[in-house]
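One letter stands for each residue in the lines below.
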Amino acid sequence: MAVCVAVIAKENYPLYIRSVPSQSELKFHYTVHTSLDVVEEKISTAGKAMAEQRELYLGLLYPTEDYKVYGYVTNSKVKFVIVVDSSNTSLRDNEIRSMFRKLHNSFTDVMCNPFYNPGDPIQSRAFDSMVSAMMVQSS
Amino acid sequence: MEPHEEKPIIYTMENKPIVTCAGDQTLFTALYSMLAQQLPREPMEWRRSYGRAPKMIHLEANFVQFKEELLPKEGNKALLTFPFLHIYWTDCCDTETYKATVKEDMQRWQNVLRLHGSTDWLIVVVESDGKKKNKTNILPRTSIMDKIRNDFCNKQSDRCVALSDPLRDSSRSQESWNSFLTKLRTLLLMSFTKNLGRFEDDMRTLREKRTEPGWSFCDYFMVQEELAFVFEMLQQYEDALVQYDELDALFTQYVLNFGAGDGANWLGSFCQPVRSWNGLLLRRPIDMEKRELIQRGEASLLDLRSYLFSRQCTLLIFLQRPWEVTQRALELLHNCVQELRLLEVSVLQGALDCWVFLSCLEVLHRIEGCCDRSQLEANFSHTVGLWTYATEKLKSLGYMCGLVSENGPNSEELNRTVDLLAGLGAERPETVNSLQSPYKKLKEALSSVEAFEKHYLELSHAALEMYRAIGRLRSARLVGKSLAEFYMRKGDPQTAQTFLLDSLKSYTAEGWSLPVTHTRKQIAQCQKQLQQTEDYLQTSALLASDANLTDEERKHYCQEILTFANQASEDKDQRMALSMSAFAQLRELRFRPATATVHVGASLQLELRLCGLMPVPVRLEQLAASVHFTLEQPGARPGLAGSQRRPGVSPDGTVTFPATSPSYGSPQSSAAPALELYEMQDRSPSDNALNSTGVVCKNVHLLLRGNDSTSSLDTPSASASALTMEDGAQMLKTNDVTLLPGNNSIVFTAPSMKPGTYTLRQLCATVGRVQFVLPHIYPIVQYDVYSQEPQLTIEPFTESLLAGLPQRVKFTIVTGHYTVKKGDALQLSNSPSMPILHSSSCSARILSSTGELVGESALSIQASEKVTSISLPVTPPYHTLEFQLEVLCHIPSSSVRAESERLTNGEIRHRPKSRTRYNSGMASIDQKVSIDCPWSIYSILISLTFYTPFRAKHSLLSAGKRKYIQVCLQNVSDTNFRLANQTLVECQPTPSLELLSLNAKAHQLVYSKQCMYSLWEMKWSSELPPCLQCVFAASFSPAEAPDSALKPYSYEFQLERVSTLYSMKAEIQPAVGEQQCRAGTLCRLEVSITRLTEPSESEREDEEATESESLRTTKLMYEVVDNSSNWAVCGKSSGLVSMPVAAMATHKVQMEVMPLFAGKLPFPSIKVFKYLPHSALPMTQPDTDSCLENDNLSLLDKGLEDQADTASIRSRGSIHSLGSGEQQQPRGVPMPRLEPFSPGQVFNCSLARQVLVLPSTDDHVLEINVT
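Residues numbered from 1 in each chain as written. Chains lettered and ligands numbered in written order. Predicted model: local features only at pLDDT ≥ 70, side-chain atom pairs only at ≥ 80, totals over all residues. Heavy atoms only, no water.

1. Points about the overall build of chain B
For step 1, the next point in the chain: When you go through chain B residue by residue, the secondary structure sums to 29 helices and 53 strands.
For step 2, the next point in the chain: Residues counted as buried form 48% of the 1267 residues belonging to chain B.
For step 3, the next point in the chain: Residue pairs at least 24 apart in sequence account for 73% of intrachain contacts in chain B once pairs closer than 6 positions are excluded.
For step 4, the next point in the chain: For chain B, the exposed surface amounts to about 61,000 Å²; the carbon and sulfur share of it is 52%. (Helix = DSSP H or I, 4+ residues; strand = E, 2+ residues; numbered from the N terminus. Buried < 20%, exposed > 50% of the residue type's maximum accessible area, 1.4 Å probe, protein only. Contact = heavy atoms within 4.5 Å. Areas by Shrake-Rupley, 256 points an atom, 1.4 Å probe, with all protein chains shown as cover.)

2. Looking at the nonpolar core
For step 1, the next point in the chain: Counting residues in each nonpolar core, the largest one holds 151 residues, and the members touching the most others are Phe-63, Trp-89, Phe-180, Phe-217 and Phe-270 of chain B.
For step 2, the next point in the chain: Tyr-818, Leu-828, Ile-861 and Tyr-1049 of chain B belong to the second largest nonpolar core, which has 63 residues in total. (Core = buried A, V, L, I, M, F, W, Y, C linked by side-chain atoms within 4.5 Å.)

3. As for the sheet that holds strand β53 (residues 1250-1254) of chain B
Residues and elements named next belong to chain B.
For step 1, the next point in the chain: In space, the three strands of this open sheet follow the order β42-β53-β49, with mixed pairing throughout. Across the chains shown, the open sheet's two edge strands, defined by having one partner strand only, are β42 (1077-1078) and β49 (1159-1162).
For step 2, the next point in the chain: For β49 and β53, the ladder comprises four bridges, and the chain directions are antiparallel. Its bridge partner lying in β53, Leu-1161 is registered against Val-1251. (Pairing = 2+ DSSP bridges.)

4. Let's talk about the packing of helix α17 (residues 473-489) of chain B against helix α19 (residues 513-530) of chain B
All names here are of chain B.
For step 1, the next point in the chain: The interhelical angle for the contact between α17 and α19, taken along N-to-C directions, is 30 degrees, at an axis separation of 12 Å. Accordingly, the angle class assigned to the pair α17 and α19 is roughly parallel. Relative to α19, the crossing made by α17 is left-handed. Residues Lys-481, Glu-485 and Met-488 of α17 lie in contact with α19, whose contacting residues are His-518, Thr-519, Gln-522, Gln-525 and Cys-526.
For step 2, the next point in the chain: Residue classes in the contact of α17 with α19 are distributed as two nonpolar, four polar and two charged. (Axes fitted to C-alpha atoms, helices over the stretch in contact; angles between N-to-C directions. Parallel < 35°, antiparallel > 145°, perpendicular 65-115°, else oblique. Left-handed = near helix turned anticlockwise from the far one by under 90°. Nonpolar A, V, L, I, M, F, W, Y, C, P; charged D, E, K, R; others polar.)

5. A short note on the environment of Val-337 of chain B
For step 1, the next point in the chain: As for its position among the elements, Val-337 of chain B is in helix α10 (residues 322-342).
For step 2, the next point in the chain: The class of Val-337 of chain B is buried, set by a relative accessible area of 4%.
For step 3, the next point in the chain: Sequence-distant contacts of Val-337 of chain B, defined by excluding residues within four places in its chain, comprise Glu-65 of chain A together with Leu-352, Val-356 and Tyr-389 of chain B.

6. Concerning the sheet that holds strand β3 (residues 57-63) of chain A
Residue and element names in this part refer to chain A.
For step 1, the next point in the chain: Read across the open sheet, the five strands follow the order β2-β1-β5-β4-β3; overall the sheet is antiparallel. Each edge of the sheet is formed by a strand with only one pairing partner; in this case those strands are β2 (14-19) and β3. Averaged over all adjacent pairs, the angle separating strand axes in this sheet is 15 degrees, with direction ignored.
For step 2, the next point in the chain: Of the strand pairs in this sheet, strand β1 (residues 2-8) and β2 are connected by five bridges, and their pairing is antiparallel. Across the sheet, the residue bridging to Ile-8 is Pro-14, located in β2.

7. Describing the interface of chain B and chain A
For step 1, the next point in the chain: In this complex, chain B contributes 28 residues to the contact, which on the side of chain A involves 26 residues.
For step 2, the next point in the chain: For the pairing of chain B and chain A, the buried interface totals around 2,400 Å² over both sides, and the portion due to carbon and sulfur atoms is 57%.
For step 3, the next point in the chain: Looking only at chain B, the three residues that lose the most surface to chain A are Arg-474, Trp-512 and Leu-514 of chain B, adding up to 31% of its buried area.
For step 4, the next point in the chain: At the boundary of chain B and chain A, one finds six salt bridges.
For step 5, the next point in the chain: The residue Arg-474 of chain B makes a salt bridge to Asp-37 of chain A at a minimum N-O spacing of 3.2 Å.
For step 6, the next point in the chain: Viewed at the interface, chain A and chain B are joined by 15 residue pairs in polar contact (both at pLDDT 80 or more).
For step 7, the next point in the chain: Contributing elements (two or more residues each) for the side of chain B that touches chain A: α10, α13 (380-400), α17, α18 (493-510), α19 and α23 (667-671) of chain B.
For step 8, the next point in the chain: Broken down by element, the residue count for the side of chain B that touches chain A peaks at five residues, all from α17 of chain B.
For step 9, the next point in the chain: Class assignment of the residues belonging to the side of chain B that touches chain A gives a composition of 11 nonpolar, 11 polar and six charged. (Buried area = accessible area lost by both parts, 1.4 Å probe. Salt bridge = Lys/Arg side-chain N within 4 Å of Asp/Glu carboxyl O. Polar contact = N/O pair within 3.5 Å; in protein donor to acceptor, adjacent residues only side chain to side chain.)

This is the structure in structure tokens:
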């Protein structure tokens, strides 16, 4: 489903970023990095309204001709970004949400690992395979 | 206004629902303006079917003359032209006329309506007073109304309305107007509801048929749009928009289904190749051309989408939602591109780019047209997407048409341009006259390289500025990067670089490694073109060490550096200083020796672990570290310098440097330095006592500025200019080192000529003309070179020194800067209490400063009467000389005499501390030794502490008149000893006294922490002296060494008042008539005290006896106490007795006691005290505390758990209070006092006796009183 999945630290550096190998990795890095602008915008506007009950899912950050970029932010301000191919029209909002939920769960597992140092790049194999599963489903 | 003759033109804004008017046209014409004005004045609530929310609606109507043609034919679904209400106007007021003409006319009108199935009609009867007056045969108004109602309105009486005096300005006419208008509105709405409902039903039916083969989307489109038009006509834009959105969704779904393989036939017409890409047209409310195309089924996908969007846009703007337009526009454009791809519509390359570009600009123009500047600025976030999209598209067109290359377009590219321009068609009439139309822009941009550049830059900068304005800096930088690429293609690396550096800063700050690498590569290209050699080399170094690049790329950049480095330069001094961080990383620094402290002249090695980041081995001509030297502080104590731990240095002498990646990695590790905390202790300078302690953060300045990301993240290229090699006086250097990729170990020998602190400041690697400089080494790396004074210490060889036995002590001489020459000797002043025992096999070890054994040589010790001289072997400076000597400390004969001073050199000092060692209870003796050293003119005084291995206790035991002395010798040391020859002698022998040993003759072992008891019986013939001075002596030696000589141990003590004065006997007898004592029954306790001896001389003198008449008596106080709660003493438990001072005088006391338990009960204890009458001066303080406390305790116990004789308790209580009162008396006030006998003076015959107590016969009635 996804063509790129990224986890970005609170301080906006990538903790994990993976994209489908068929396309230029660099392009996705740029795309995800740029999407942080919108994420920040959404957080700052939503955050003021109700910091407590803020919805974690940020929705479509911005569409491009080829991709749709969706965002999600955890309560600890870790951002998840999923890039989906625009031609994949069968994908509904609910499916994107469930993908984020899965990602969040897996991320929580990573954080629970006592050997993982928060702030380090994620190298968990379980996380990686979960992301792979997410990306495989598309093709 | 004249009623319309022909078919109304559909031009949305002017459309109103049609209402036909029949009957008296002149009458209506007179009322028309009033009516048209009044009708929309008040809103009406429109209740709707299908649960749609009711709405307030202002009704308007287009009144036209009734014609039969206006009525819709069967099957005509047109709604816009549908007459919703038919009104018949008449002002007839006399029956004649009515019957003659009007009724007939109405009949005809009704028939036509009925024929067309229209039930929405209304008859208006206008009355005017003026008209009535003229005619005489006028029927009342009501009658004509009634007639009409009778004739036409069967059951719908509301279909006939009267309007009275409409043109007059009276309250009556106003009232009638109002009711008429209300009626009119209601009927109109009813008609809407009914007719629209029917229409919607039909429409739905049509939609349901969409799976049938002949169904056409275009036909359906027209039907639903009709509905949308009506809603728009009613100004229900929201509802109108819904219709279009539904159509949009329906179409989208068909396209998606087509993609999924489920193609509908009608979709074929939309798949025709795109021939025209002239963009959206949003300036007309309805684009009739496109609408007709759709109506004819000839529209292409882009036509349909464009038309739909233009309608949606119009409605959204009516709804004041321009920002939704921009958002929908972006979605539409993306969607169209995707749909064309999905439907595999053939499109000329670049045509879509043109279409998108034109559409973006068209939308932006439309929005700009309806918003003012401030509104636009506040909503950049909505428009910037379109700007960027347009920019991208123009860029790709530019690349496609060869407008970006330096040489201009080639012929193929020119052909392509011509084709693209052809597809644009002619400019639309709306924009022909405007100078800035999207059409003109695109045409111009594609016409020449210069024009393209102008337009492209204009757009890019607009997007860039907007992004900046709304704070989307990352997006702005991405646009900047794209601009940079453009500038690079245009051959303007200077401008490109500024954009790239800006982007790079943001990527580095946020730690995005791939973008960093990519941007850096572009920068390198710019810098190379600009011939900024230093910057280029610095960037190359970073790229060469960048793990994101392939090996080939890295090698290429590395080679660039090396090539430059090896170029022969005309001026040798001109060296290029680059930051080392990209070239190699300092990982670890290790000192050998690990303490990083050496004495002057010693060798100190520094091992550097450098991690080479270059992809190939690099030969370094020189690797140098500059060192800063600070002179040793004169006040610094040499001893402390070595032991002080340096911050950051681990115990094995390693300084580890935080790993920072030069080009990427999480910005945290490089930006925010780790917290460095140190313990701080403030000691008073005089006695080294701790004043305060705390924790200090040493890098606060770094931590606090950490948040300012721009300053902390100085890119290496930016700071490269600041890299200058310090001209340090001292340098650590190694030449010709090859730095391999990965870890390298390089060893330096550090200079140590002068004492002081050496700080490593910089590191510099030289490769040809290039120097890689590490400007700061952090954490601070220092080593100390010290010069030390010679020092002598004497320590016990074992854990502690035992007195009385030969003990080994270790002499340690740290030579420091002093060289021990031949003939140097230590002079120890001898002391009688601690002789130095010299053995022949005494040798000294010489150790180097690192603890290695250097040599060993024999010591020669010469002792004279006063001094012992130890001649030292020759020892080089900064070495340690160690040897051992045996000393013996005599045990002081008794603890009493331990007070005497024991100083070897005769000086009078404070008395040696006779301390008791914690936990072990060993008495200690401090022994001072005064030593003269060859390096100093002053004597050194060293104190040694010896511990006495034994502790002795004595006690006097009695058996009637016979006396025994027991000595307990406790071994308090950890060693086992062999004891022999225990003797006990008097200091001044009394001839009549004999001490008879009852001890074993053989050697005895006393284990550690155990005691040995010795016993002597005293036998005497004549009277004993009141005081006996005895000396206990024994010999001992360690048990492990049986051969060693026995050492003496002695213990002096004194005994007083040895002989037995009184004997005391207690007897318990059962109650009368009982054989045995029983629990709970009173028994008799008889205490008899007997004086055993004649009063002695001393007693006569010091004892205060009461001479009453002829008989001399002393007063004794007895007390019966039972501490174990076995007995309850009834009645007086204590009392005074007067004893005659004569041998065998006996006094008996009887009292009653009650055993509380059955069994063998021990006797209650009986105490006897001397009772001193108040006249006697207090000599000694009687020790009543313990007894009283015990009493107290037992009292409590009894009170709680036992049946107790209250009397007894009271009496005890009185004793208690007496005792305490006595204590509270100030000294000197004459009060009677108690004085205990010394042990042995009173002999208790019944000590430890027991009596058998049988259980009580009636235990169950035992009463328990608790007081």
